[in-house]
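Each chain is listed here by its residues.
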Amino acid sequence: MTRQLSFIAPMSGLGENITYQLEEVEGADGLYRFEWEPGVGVYALAAADHLPTYQPEFDELDLEAIGAAADEVEVFVIANSGAGELTVNLLAPVIVFEDRALQVILDGQGFPVRAPLAAGV
């Protein structure tokens, strides 16, 4: 499955790109790539598939920006590998509704930038 997404604002640390392909990684349920050009992108996990206890609260203004209600968005967390450990960014998930997306910062909710995936968040 491939979908073209338009971000309302650029993702943190990834330059000014606002157009991405959301590419499902074959053979890995719930693993995706946000690609801004072929072969160049970041990996993300579908939170619903991999982090069932992760229940962030989204700001109404962020939801309005992509035209969705909280129960309509897909939530993705960016995955990072470094120092031999796979982590996910729970502080700044990406919310997607139809062809619109936005990376949000969840201030005051206690989520870390680098949560070990094995921790079963």
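## Quick word on the pattern of salt bridges
Right, on to step 1. According to the stated counting rule, one finds four salt bridges in the structure shown.
Right, on to step 2. Here Glu98 makes a salt bridge to Arg100, at a shortest N to O gap of 3.7 Å.
Right, on to step 3. For Arg100, a relative accessible area of 26% translates into the label partly exposed.
Right, on to step 4. When the shortest N-O distance is used, the salt bridge between Asp99 and Arg100 registers 3.3 Å.
Right, on to step 5. Shared partners join several salt bridges into a network, and the residues in it are Glu98, Asp99 and Arg100.

## Brief notes about the side chain of Asn89
Right, on to step 1. Tracing the backbone through its elements, the reader meets Asn89 in the loop between strand E6 (85–88) and strand E7 (94–97).
Right, on to step 2. At a separation of 3.0 Å, a polar atom in the side chain of Asn89 contacts the main-chain amide nitrogen of Leu91.
Right, on to step 3. Among residues more than four places away in sequence, those in contact with Asn89 are Val77, Ile78, Pro112 and Val113.

## Considering the pairing of strand E2 (residues 19–24)
Right, on to step 1. Where strand E1 (residues 2–7) and E2 come together, five bridges link them in antiparallel fashion. Of the residues in E2, the one forming a bridge with Gln4 is Gln21.
Right, on to step 2. Note: E2 against strand E3 (residues 31–37), four bridges, orientation antiparallel. Across the sheet, Glu24 pairs through a bridge with Tyr32, a residue of E3.
Right, on to step 3. A loop of six residues connects E2 with E3, the two strands running antiparallel in sequence, and Gly27 in this loop sits at a positive phi of about 80 degrees.

About the criteria used
- Residues numbered from 1 in each chain as written.
- Predicted model: local features only at pLDDT ≥ 70, side-chain atom pairs only at ≥ 80, totals over all residues.
- Heavy atoms only, no water.
- Salt bridge = Lys/Arg side-chain N within 4 Å of Asp/Glu carboxyl O.
- Buried < 20%, exposed > 50% of the residue type's maximum accessible area, 1.4 Å probe, protein only.
- Helix = DSSP H or I, 4+ residues; strand = E, 2+ residues; numbered from the N terminus.
- Polar contact = N/O pair within 3.5 Å; in protein donor to acceptor, adjacent residues only side chain to side chain.
- Contact = heavy atoms within 4.5 Å.
- Pairing = 2+ DSSP bridges.

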